[in-house]
Amino acid sequence: GEAPARLGYSLLHQGLHLQFFPHQFTQVNHQINQMLIDDCLSYLKKLSGKRVFDLFCGIGNFSLPLARAGAQVTGLEVAADAVVQAEHNAARNRLANGVQFATADLYGTDADLPGPCDVLVLDPPRNGAGPNLASWVQKSGGTEMVYVSCNPASFAVDAALLARCGFRLQRVGIYDMFPHTAHVETMGYFVRQD
């Protein structure tokens, strides 16, 4: 009958500590999660002052490292309790000025971005980014995108759509998040072509 205790993990390379409750989504393989974040930041390089939208942001796993690197980050997530936890994580890591979070049903018919941005970061559920992906990339005006996926099949479908929208896949990697299983994480870095 007691309230569950918060759990936590550190992102040592970024000097961050994130907390979460047992029912909230987190990446289960800490070393691979750190690699995903490191690679995301290395792809995007110069983030200082850039406006970044982190879609499907959860508790801030990518949002907070992006903010630590100097980006102005807006994280959108459907789970209201995850948004509250992301705000808590931003405050306890002294990043509340560099990041804001909002609840949004990104699969909904009226799921729109809060304005233009320079960079999109997506880490959607297994079924992919959903029906609004083309609209997001066209309206955002962003020139770079990092897309993280736990399902190579939905990643391939969305990558083909991004190609039709003018984004070229520059880098792609497979991460063995779940050793001794068939499940992997895929991360792609896309750049808008002129």
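In what follows, the accompanying structure is described. Just so you know, these numbers come straight off a predicted model, no measurement behind them.

How each quantity is defined
The numbers attached to residues start from 1 for each chain and follow its sequence in the written order. Local features in a predicted model are, by the rule used here, given only for residues with pLDDT of at least 70; side-chain atom pairs are given and counted only at 80 or more, and totals for whole chains, interfaces and linings are based on all residues. Side-chain metrics in this entry use all non-hydrogen atoms of the structure; hydrogen atoms and water are not considered. Counted as salt bridges are all cases of a side-chain nitrogen of Lys or Arg within 4 Å of a carboxyl oxygen of Asp or Glu. Secondary structure counts use DSSP, requiring at least four H or I residues in a row for a helix and at least two E residues in a row for a strand, with both numbered from the N terminus. Partly exposed residues are those whose accessible area sits between 20% and 50% of the maximum for their type, while under 20% is buried and over 50% is exposed, using a 1.4 Å probe and protein chains only. What is meant by a nonpolar core is a set of buried Ala, Val, Leu, Ile, Met, Phe, Trp, Tyr and Cys residues, joined one to another through side-chain atoms within 4.5 Å. Contacts are assigned to residue pairs with any non-hydrogen atoms lying within 4.5 Å of each other. Between any two strands, at least two bridges found by DSSP are needed for them to pair. Only the stretch in contact is used when a helix axis is fitted, and all axes are lines through C-alpha atoms; the angle between N-to-C directions ranges over 0 to 180 degrees.

When the charged atoms of two side chains lie near each other, side chains of opposite charge can form a pair. One pass over the structure, following the stated rule, counts two salt bridges. Across the pair Lys50 and Glu144 runs a salt bridge whose closest N-O atoms are separated by 3.1 Å. You can see Lys50 sitting in the loop between helix H1 (30-44) and strand S3 (51-55) and its partner Glu144 sitting in strand S7 (residues 144-149), a full 94 residues away along the chain. A relative accessible area of 11% places Glu144 in the buried class. Where Lys139 meets Asp112, a salt bridge forms, and the shortest distance between an N and an O atom there is 3.8 Å. Taken together, the residues span a long stretch of sequence, with Lys139 in helix H4 (residues 133-140) and Asp112 in the loop between strand S5 (99-103) and strand S6 (119-122) at a distance of 27 residues. Residue Asp112 is classed as partly exposed on the basis of its relative accessible area, which comes to 43%.

Right, let's talk about the nonpolar core for a bit. Ranked by internal contacts, the top residues of the largest apolar core, which has 38 residues, are Leu44 and Leu66. In terms of residue count, H1 provides more of this core than any other element does, seven residues in total. Aside from chain neighbours lying at most four places away, what touches Leu66 is Cys40, Leu41, Leu44, Leu47, Val52, Ala71, Val73 and Val121. Grouped together as the second largest cluster of nonpolar side chains are 23 residues, Leu55, Cys117, Ala129 and Val137 included.

This brings us to the sheet that holds strand S9 (residues 185-192). Spatially, S5-S4-S3-S6-S7-S9-S8 is the arrangement adopted by the seven strands of the open sheet, whose pairing is mixed. Across the chains shown, the open sheet's two edge strands, defined by having one partner strand only, are S5 and strand S8 (167-175). Neighbour-to-neighbour, the strand axes of the sheet open up by a mean angle of 15°, direction not taken into account. Sheet topology places S7 next to S9; six bridges connect them, and they run antiparallel. Its bridge partner lying in S9, Val148 is registered against Met187. In the packing of helix H3 (residues 80-92) onto the sheet, contacts are made with strand S4 (72-77) and S5, and the angle to S5 comes to roughly 170°. This element, helix H5 (residues 152-164), spans S7, S8 and S9 of the sheet and lies at about 160° to S7.

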